[in-house]
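A closer look at the structure
If you want the building blocks of each chain, they are given just below.
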Amino acid sequence: MNAGSMLKALQDPMGVPFYPLVFQVLLVFTFALHIIFVNLVIGGVFISIYSYFRSGDYYKNLSKAFARASTINLSLLIVLGVAPLLFMQVIYDPFWYTSNVLSAAWMLGIVFALMAAFSFSYVFYLKLNKDKKHIGTWGIAAFLLIILVGITMHAVSYQALFPEQWVKWYVNGSKVDLSGTILHAFELPRFLHFVVASFAITGIFMMLYSWYFKDRDDMDKSYLAWVGRAGAKMAVIFTVLQMVVGVWWLFSVPSDFQFYKNPVFIAAGVLAVLLLFVLIEAQSNPQKYTLPAAALAFMSVLGMTSAREALRVLYTGRYDYSVYNYKLNLSYGSTALFAVTFIMGIIVIGYMLTVVFKMGRSSKPVDLSSLKLRTWSVYLMIAWILMMVGIGIAIAS
Ligand code: HEM
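Residues numbered from 1 in each chain as written. Predicted model: local features only at pLDDT ≥ 70, side-chain atom pairs only at ≥ 80, totals over all residues. Heavy atoms only, no water.

A few words now on the site of the ligand. Taken together, the neighbourhood of the ligand is formed by 23 residues, with His34, His154, Arg190, Arg308 and Arg312 sitting nearest. Contacts to the ligand include histidine 154, whose side-chain N or O atom sits 2.7 Å from an oxygen atom. Given that more than half its atoms are within 2 Å of the pocket grid, the ligand belongs to the second largest pocket. Broken down by secondary-structure element, the contributors of at least two residues to the shell around the ligand are α2 (20-53), α3 (57-91), α6 (136-159), α8 (188-212) and α11 (286-317). Sorting elements by how many residues they give to the shell around the ligand places α3 first, with 7 residues. (Near = heavy atom within 4 Å. Polar contact = N/O pair within 3.5 Å; in protein donor to acceptor, adjacent residues only side chain to side chain. 1 Å grid on protein atoms, 1.4 Å probe; cavity = no way out; pocket = protein on both sides within 12 Å on 5 of 7 lines; lining within 4 Å. Sits in = over half its atoms within 2 Å of the grid points. Helix = DSSP H or I, 4+ residues; strand = E, 2+ residues; numbered from the N terminus.)

Pasting the structure below:
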């Protein structure tokens, strides 16, 4: 049996419940959100440790702020990892499940590594707030565990792309290795593309931090300006490095793909260059350029994650695998339920974010009574709960 037929045989015989393109778009979009938070955690934990070891009040404040933000960002990273995981399982199930099983011990291990990383980063933050000494080890341990999880996620995503190697990886001579303790493939430029980006994205996050608190009268303006400048500098340096690593990755992609001609890749590259120009402009006045830089950074990440998907289409196409050929077993009911839940989720989360945004910007109490989203969120939640209970009762009876 060749790899192509094996992949077909491994697909879910039930087919997919809706058009695969929709799952693919959602996969790319939610992965972009996931990776932005991965970037913010890697960069944020690093900045909080680095600032902890530096002297001066500004560094002390920055270390505390980023230690706090990183615990929240780590939770969001995990939550936002679930969404692409689900979409991936729908359209790339033969690749994802096999790769997971090949390195099962690692994949199970990341659950414990994440729990430890979260606990350590929280201990670091709490002790930092109480001005305890010699606590850097907590932060460093959290950082190393986060990188370890990143290495695992990369290896599992990457080894999924080589089905013709799978048998070789688990059969060693006459022995079958079912331990799942080995990571079989690793591509340094691809991995670095996610790590280096962390410092560019965190730099922009520092600019946003400086911009966001600028109108609060209980915040030190010169400290905020310092954070904004440091963030803009870090963002521009690491955006350039990111481009260098990106070109390195491009050279490591199989040449028959001619990926440099791929329109998705070219569009992503153009967005990255635009971001670089804005960041160069931002050096003299970071607060003025914060919002354009943040918007372009988001677009660039979305462009890069789309290019990553275009690359996966080429890799999987080698085995005549196309998500668009997946057996379609249309299920309007479950799709409608998903869409309704999704829209409701966006409105309710939108409401919570608006509240947090407005309250955090001012040191005085904020009147939110005129916020229309509040009424909508409450009614929508009630309608959604009633609908779910109704469906449950209808199915059970
Ligand atoms: C500290 C924790 C984590 C880090 C640093 C991390 C980092 C990464 C990186 C670097 C990739 C891209 C790998 C590549 O394409 O080569 C990735 C992919 C992915 N991650 Fe995470 N991740 C973390 C946690 C999680 C968690 C908890 C989940 C699920 C709940 C998750 C779900 C995914 C999925 C589904 C992909 C692949 C998406 C795709 O191929 O389109 N990640 N992660």
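Right, let's talk about the coordination of the iron atom of the ligand for a bit. Looking at the iron atom of the ligand, one finds just one donor atom contributed by the protein, His34 (NE2), at 2.2 Å. By the secondary structure assignment, histidine 34 is in helix α2. (Donors = N, O, S within 2.8 Å, 3.2 Å for Na, K, Ca; no water.)

This part covers the domain arrangement of the protein chain. Domain parsing of the protein chain yields domain 1 (3-330) and domain 2 (331-397). Using only C-alpha atoms to locate each centre, domain 1 and domain 2 end up separated by 28 Å. Opposite the 14 residues of domain 1 that make contact, domain 2 presents 14 residues. Taken together, the two surfaces of domain 1 and domain 2 that pack against each other cover about 1,100 Å², and 55% of this comes from carbon and sulfur. For domain 1, the biggest contributors to the area lost against domain 2 are Tyr212, Arg216 and Leu330; these three give 46% of the whole. Linking domain 1 with domain 2 are 1 salt bridge. Among the salt bridges present, the one from aspartate 217 reaches lysine 364, with a minimum N-O distance of 2.9 Å. At the surface where domain 1 touches domain 2, the tally comes to 9 residue pairs in polar contact (both at pLDDT 80 or more). When grouped by side-chain class, the residues that make up the side of domain 1 that touches domain 2 number 8 nonpolar, 1 polar and 5 charged. (Domains from an automatic or database assignment. Contact = heavy atoms within 4.5 Å. Buried area = accessible area lost by both parts, 1.4 Å probe. Salt bridge = Lys/Arg side-chain N within 4 Å of Asp/Glu carboxyl O. Nonpolar A, V, L, I, M, F, W, Y, C, P; charged D, E, K, R; others polar.)

Let us look at the nonpolar core. In this structure, Leu62, Tyr92, Ile204 and Leu279 are the most contacted members of the largest nonpolar core, which totals 99 residues. No other element matches the 15 residues that α2 contributes to this core. (Core = buried A, V, L, I, M, F, W, Y, C linked by side-chain atoms within 4.5 Å. Buried < 20%, exposed > 50% of the residue type's maximum accessible area, 1.4 Å probe, protein only.)

Our next topic: the pattern of salt bridges. Evaluation of the coordinates by the stated rule reveals 5 salt bridges. The closest approach of N and O atoms between aspartate 215 and lysine 214, which form a salt bridge, is 3.9 Å. Look at aspartate 215 and you get exposed, because its relative accessible area is 55%. Of the residues examined, lysine 214 reaches a relative accessible area of 25% and is grouped as partly exposed.

Now for a nonpolar patch on the surface. A cluster of nonpolar residues, Ile266, Val270, Val273, Leu274, Phe277 and Ile280, forms a patch on the protein surface that exposes about 520 Å² of accessible area. Summarising the element assignment, leucine 274 is placed in helix α10 (residues 263-282). What makes leucine 274 partly exposed here is its relative accessible area of 40%. (Patch = residues over 30% accessible without salt bridge, like charges linked within 9 Å, V, L, I, M, F, W, Y side chains within 5 Å. Areas by Shrake-Rupley, 256 points an atom, 1.4 Å probe, with all protein chains shown as cover.)

The computed volume of the second largest pocket comes to approximately 750 Å³. Forming the walls of the second largest pocket are 33 residues, and the residues nearest its centre are His34, Gly81, Ile110, Val149 and Met153. Elements with a minimum of two residues in the lining of the second largest pocket: α2, α3, α4 (93-102), α5 (104-129), α6, α8 and α11. In terms of residue count, the dominant contributor to the lining of the second largest pocket is α3 (9 residues). Looking at side-chain class alone, the lining of the second largest pocket contains 23 nonpolar, 7 polar and 3 charged residues. (Points joined across faces, edges and corners; volume = space filled by probe spheres on them.)

A few words on empty space enclosed by the protein. Gaps left between atoms are located by rolling a probe of water-molecule size over the structure's atoms. Evaluation of the coordinates by the stated rule reveals 4 cavities of 30 Å³ or more. Lining of the largest cavity is provided by Met88, Tyr92, Phe95, Trp96, Ser157, Ala160, Leu161 and Arg312. Forming the boundary of the second largest cavity are Ser157, Leu161, Arg190, Arg308, Leu311, Arg312 and Tyr315. With 4 residues, α11 is the largest single contributor of residues to the lining of the second largest cavity. Here the lining of the second largest cavity is built from residues that sort into 3 nonpolar, 1 polar and 3 charged.

With that out of the way, let us pick up the side chain of asparagine 39. On the secondary structure map, asparagine 39 appears in helix α2. At 3.2 Å, the side chain of asparagine 39 and the side chain of serine 198 are in polar contact. Leaving out residues up to four positions away in the same chain, asparagine 39 has contacts with Gly44, Phe194, Ala197, Ser198, Ile201 and Thr202.

Tracing the backbone through its elements, the reader meets threonine 290 in helix α11. Separated by 2.8 Å, the side chain of threonine 290 and the backbone oxygen of proline 286 make a polar contact. In this structure threonine 290 touches Met207, Leu208 and Trp211, once residues within four positions along its chain are discounted.

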